[in-house]
Amino acid sequence: MEKKIVILNGSPREAGNTAALVRAFAQGAESAGHTVTTFFLDGMDIHGCKGCFGGHSGRECPCVQKDDMAQIYPAVKACDVVVLASPLYYWGLSGQLKTAFDRLFALEEKEGNFLRGNGKASALLMAAEGHGFGDAVLYYDHLMEHLGWQNLGHVLAGGNMEVGDIQGKAELEQAYALGRSIP
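Just so you know, these numbers come straight off a predicted model, no measurement behind them. (Residues numbered from 1 in each chain as written. Predicted model: local features only at pLDDT ≥ 70, side-chain atom pairs only at ≥ 80, totals over all residues. Heavy atoms only, no water.)

A count of helical and extended segments in the protein gives 5 helices and 5 strands. What you see in the protein, going N to C, is helices and strands ordered as β-α-β-α-β-α-β-α-β-α. A compact globule built from 183 residues would reach a C-alpha radius of gyration of about 16 Å, and the protein, at 16 Å, matches this within 12%. Considered along the principal axes of its C-alpha atoms, the protein spans approximately 45 × 35 × 25 Å. By sequence separation, contacts in the protein at least 24 residues apart represent 77% of the contacts at least 6 residues apart. Here the protein has roughly 8,500 Å² of accessible surface; of this, 52% comes from carbon and sulfur atoms. (Helix = DSSP H or I, 4+ residues; strand = E, 2+ residues; numbered from the N terminus. Rg over C-alpha atoms; globule rule 2.2 N^0.38 Å. Contact = heavy atoms within 4.5 Å. Areas by Shrake-Rupley, 256 points an atom, 1.4 Å probe, with all protein chains shown as cover.)

To continue, consider the pattern of salt bridges. Counting across every chain of the model gives 3 salt bridges. A salt bridge links Arg103 to Asp67, with the shortest nitrogen-to-oxygen separation between them at 2.7 Å. With Arg103 in helix α3 (residues 95–103) and Asp67 in the loop between β2 (35–40) and α2 (69–78), the pair connects residues that are 36 residues apart, well separated along the chain. Of the two residues, Arg103 and Asp67, neither departs from the other in class, the shared state being buried. Between Asp102 and Lys98 there is a salt bridge; the shortest N-O distance is 2.7 Å. Of this pair, Asp102 and Lys98 both sit in helix α3, 4 residues apart, which is roughly one turn of that helix. Exposure remark for Asp102: the relative accessible area of 31% places this residue in the partly exposed category. (Salt bridge = Lys/Arg side-chain N within 4 Å of Asp/Glu carboxyl O. Buried < 20%, exposed > 50% of the residue type's maximum accessible area, 1.4 Å probe, protein only.)

Now for helix α1 (residues 17–31). Taking 1.5 Å per residue as the helical rise, α1 with its 15 residues ought to reach 21 Å, and the 21 Å between its terminal C-alpha atoms agrees with that figure. With 11 of 15 residues buried, α1 lies mostly within the body of the structure. Looking only at α1, the buried set comprises Asn17, Thr18, Ala19, Ala20, Leu21, Val22, Ala24, Phe25, Ala26, Gly28 and Ala29. The elements touched by buried residues of α1 are β1 (4–9), β2, β3 (81–87), β4 (121–127), β5 (150–157) and α5 (170–180). (Expected span 1.5 Å × (residues − 1).)

Glancing now at the sheet that holds β5. The 5 strands are arranged β2-β1-β3-β4-β5 in an open sheet whose pairing can be described as parallel. In this open sheet, the two strands that pair with only one neighbour each are β2 and β5. For this sheet, the mean inter-axis angle between neighbouring strands, taken without regard to orientation, is 15°. One ladder, built from 6 bridges, connects β1 with β2; its direction is parallel. Pairing of Ile5 across the sheet is with Val36, part of β2. Sitting on the sheet, α2 is in contact with β1, β2 and β3, with an inclination near 140° to β1. Of the strands in this sheet, β4 and β5 are in contact with α5, which crosses β5 at around 165°. (Pairing = 2+ DSSP bridges. Axes fitted to C-alpha atoms, helices over the stretch in contact; angles between N-to-C directions.)

Pasting the structure below:
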């Protein structure tokens, strides 16, 4: 059965190592018959959450702020799988990804909860210079538990300092296989 997959790419490099993981995952998912929509967050105008609790999940754009999240809300609302992709920054997710994900809270406010539960699943793709992914994975696993989403797993690609360092590494094959394995 075809799944709708949204990838939130939080890397500032449109052609970097995280983007290579995203491409491999998307190719795997598309080869299995799924539809993939990727958002390159660094190229979008997305503001931080104001914590105003003014969201209305039933609206087309549920947040009171009017920015490029308006493109992401309907895609996330309608999708089956949300993939979080990020370089490792200070043992966590990039600011671009964290900012966008925080804003998804508007999908939980007022009319209905379109974020938590609802049979969604997720995967995590990360690239980094080092290998200290533990805190990021702990956060991701806790987020999946809180949201009630199925955790499909993660691909963690360490040892990638320069753009293109990931080429030829096993993690690209792992990302492809993870995308292809989406049930």
